[in-house]
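Listed below are the residues making up each chain.
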Amino acid sequence: AAMELSGKDRYNPDLIPTLEAFVDKQIASKSFDLSTNQVLLRMYQFFPEKTNSTVLVKILVKALMQLPGTDFTLCTYLVPQRFQLEEPIAKLSALAQYAECMQFKEFWDLASNCKYLWESIPGFEEAIRNFALHAINLTFSQITKLKLGEI
């Protein structure tokens, strides 16, 4: 489910509530629309007083679920610096870093301490497990159970 936006609408702050509602539709339909989410993140840059941190977290969690894609990184480029350094965005960035570096034990340790960030978003654990399997499959031709447990 994609949302069509014309040129002038991409910077119309009146559309922010519609774009925020569209994030919830993506969660409900287990879909992800990077370009529409980037429009909303850009609006948050232009109109920082309208930033909804709950929606911001939802977008970043959905983007993290797109690994090995670069969606999370692309979205964080649009998050204002003051939010990036604060919780919970800093925790999500740490999760992304662990996942991208195949430090899955550390990832799940941290993820278990911040379930509130992602438990309302169906498919998070499955998406990360699928990414982990993909990454391990690309990295190892053979792996012992012990080594797998360490990852």
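Refer to the preceding data block for the structure.
The text that follows walks through the structure, step by step, so that each part is easy to find. (Residues numbered from 1 in each chain as written. Predicted model: local features only at pLDDT ≥ 70, side-chain atom pairs only at ≥ 80, totals over all residues. Heavy atoms only, no water.)

## So, the packing of aromatic side chains
Right, on to step 1. Applying the stated criterion across every chain, the model contains 4 aromatic pairs.
Right, on to step 2. With 6.0 Å between their ring centres and 70 degrees between their planes, Phe-104 and Phe-131 make a pair best called edge-to-face. Remark: Phe-131 occurs in helix H8 (residues 124–139) and Phe-104 occurs in helix H7 (residues 104–113); sequence separation between them is 27 residues. The pair Phe-104 / Phe-131 is uniform in exposure class, with both members buried.
Right, on to step 3. Taking the centre distance of 4.9 Å and the plane angle of 85 degrees together, the rings of Phe-107 and Trp-108 count as edge-to-face. (Phe/Tyr/Trp six-rings, centres within 6.5 Å; stacked < 30°, edge-to-face > 60°. Helix = DSSP H or I, 4+ residues; strand = E, 2+ residues; numbered from the N terminus. Buried < 20%, exposed > 50% of the residue type's maximum accessible area, 1.4 Å probe, protein only.)

## Re helix H3 (residues 53–64)
Right, on to step 1. For H3, with 12 residues, the first-to-last C-alpha span of 16 Å sits near the 16 Å given by 1.5 Å per residue.
Right, on to step 2. In terms of residue burial, H3 counts as a mostly covered element, since 10 of its 12 residues are buried.
Right, on to step 3. What H3 keeps buried is the set Val-55, Leu-56, Val-57, Lys-58, Ile-59, Leu-60, Val-61, Lys-62, Ala-63 and Leu-64.
Right, on to step 4. For H3, the side-chain oxygen to backbone nitrogen distance between the N-cap and Thr-54 is 2.9 Å, and the N-cap itself is Asn-52. (Expected span 1.5 Å × (residues − 1). Polar contact = N/O pair within 3.5 Å; in protein donor to acceptor, adjacent residues only side chain to side chain.)

## Re the packing of H7 against H8
Right, on to step 1. Contact pair H7 / H8: the axes reach a minimum separation of 12 Å and the direction vectors enclose 170 degrees. If you check the angle between H7 and H8, you find them roughly antiparallel. Contacts from Phe-104, Phe-107 and Trp-108 of H7 reach H8 at Phe-124, Glu-125, Ile-128, Arg-129, Phe-131, Ala-132 and Ala-135.
Right, on to step 2. A per-class count over the contact of H7 with H8 returns 8 nonpolar, no polar and 2 charged. (Axes fitted to C-alpha atoms, helices over the stretch in contact; angles between N-to-C directions. Parallel < 35°, antiparallel > 145°, perpendicular 65-115°, else oblique. Contact = heavy atoms within 4.5 Å. Nonpolar A, V, L, I, M, F, W, Y, C, P; charged D, E, K, R; others polar.)

## Considerations on the pattern of salt bridges
Right, on to step 1. What the rule picks out here adds up to 4 salt bridges.
Right, on to step 2. The salt bridge partner of Lys-91 is Glu-87, with a shortest N-O separation of 3.8 Å.
Right, on to step 3. Overall, Lys-91 belongs to the partly exposed group, its relative accessible area being 23%.
Right, on to step 4. Of the residues examined, Glu-87 reaches a relative accessible area of 47% and is grouped as partly exposed. (Salt bridge = Lys/Arg side-chain N within 4 Å of Asp/Glu carboxyl O.)

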